[in-house]
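These are the residues of each chain, in order.
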Amino acid sequence: MLKVDITKGFSNFNLDISFEMTNEKLVFFGGSGSGKSSTINAITGFLKPNHGRIVFGDKIFFDSEKNIFMPTQHRKVGYVNQDLLLFKNMNAFENIAYGLRNKKQGWKDKVDEFLEKFGLLKYKKLYPHELSGGQKQRLALARVLINNPSLLLLDEPFSMLDIKLKRELKEMVLEIKENLNIPLIIVTHDLSDAFSLGDRIAFFEEGKVKAIIKSQDLTIRLSYNGDCAHQNCYCNEAVL
């Protein structure tokens, strides 16, 4: 179980987050600046809260009273940032190999195994700029999963993909969750993605989790909004 109860003050924003999750698919849903990515960064260790606790199983990631702050590399958390952060000067094989922490005998075969698992083996010598959006997403996933994480965090994993690639990657993410049997957190501002992927949806607003609701208790209403920042699109609304 993951337990998060933290606060963090910024110059123009206050994060005050409290939630728990089991071995499930939990979606962080909310607009830009609502606290989703900041919460992810606190869980991974890229952001140190001011106060509170973050506990995963028997590991204390953070405890302000006990002055505990576990380094990112010790948390065994797999994290795919929305920018993917692939190394531009490394090919696909080298990107995954760089992420492999324990290069024991046979490590090259293990990298090839993950390239094949994610449909990238024949592209192993290609660089990120030579790969499609979907291929880069799969490469980023392979790089974090090769270390067998105990918790997987995906920040806006579908934001730059077309409908076909989004559907394929959704299926892959769900298959990964089923095969690895680990907790999964997905950050999105698209409610239809949240609804189709999450067992529960955590609604973020102004640095707080306003509610956590089972997906089956929500219905989706698509309504055209001419004033939407994404022109000529359909905006999603949750109906309880």
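Please refer to the structure placed before this passage.
In this text, all values refer to a predicted model and were calculated from it rather than measured experimentally. (Residues numbered from 1 in each chain as written. Predicted model: local features only at pLDDT ≥ 70, side-chain atom pairs only at ≥ 80, totals over all residues. Heavy atoms only, no water.)

A. Looking closely at helix α1 (residues 36–44). Taking burial as the measure, the 9 residues of α1 include 7 buried ones, the bulk of the element. Considered for burial, the residues of α1 that qualify are Lys36, Ser38, Thr39, Ile40, Ala42, Ile43 and Thr44. Directly after α1, the chain includes Gly45, whose backbone phi takes a positive value near 100°. (Buried < 20%, exposed > 50% of the residue type's maximum accessible area, 1.4 Å probe, protein only. Helix = DSSP H or I, 4+ residues; strand = E, 2+ residues; numbered from the N terminus.)

B. Layout of unusual backbone geometry. Phi angles above zero are rare outside glycine, and Leu85 is one such case at about 55°. Within the secondary structure, Leu85 is located in the loop between β7 (77–80) and α2 (92–99). Unlike most non-glycine residues, Asn148 shows phi in positive territory, near 55°. Mapped onto the fold, Asn148 is located in the loop between α4 (133–145) and β8 (151–155).

C. Structural detail: the packing of α2 against α4. Relative orientation of the contacting elements α2 and α4 amounts to 30°, with a least axis distance of 8 Å. One finds that α2 runs roughly parallel with respect to α4. Judged by the sense of rotation from one axis to the other, the crossing of α2 with α4 is right-handed. Note on element contacts: α4 touches α2 through Leu139, Ala142 and Arg143, opposite Ala92, Asn95, Ile96 and Gly99. (Axes fitted to C-alpha atoms, helices over the stretch in contact; angles between N-to-C directions. Parallel < 35°, antiparallel > 145°, perpendicular 65-115°, else oblique. Left-handed = near helix turned anticlockwise from the far one by under 90°. Contact = heavy atoms within 4.5 Å.)

D. Inspection of the sheet that holds strand β6 (residues 68–69) at higher detail. Here we have 5 strands laid out as an open sheet, ordered β2-β1-β4-β5-β6, and antiparallel in their pairing. Of all strands in the sheet, those bounded by a partner on one side alone are β2 (14–21) and β6. For strand β1 (residues 2–9) and β2, the ladder comprises 8 bridges, and the chain directions are antiparallel. The partner of Thr7 across the bridge, within β2, is Asp16. Contacts from α1 reach β1, β2, β4 (51–56) and β5 (59–63), with the element oriented near 65° to β2. (Pairing = 2+ DSSP bridges.)

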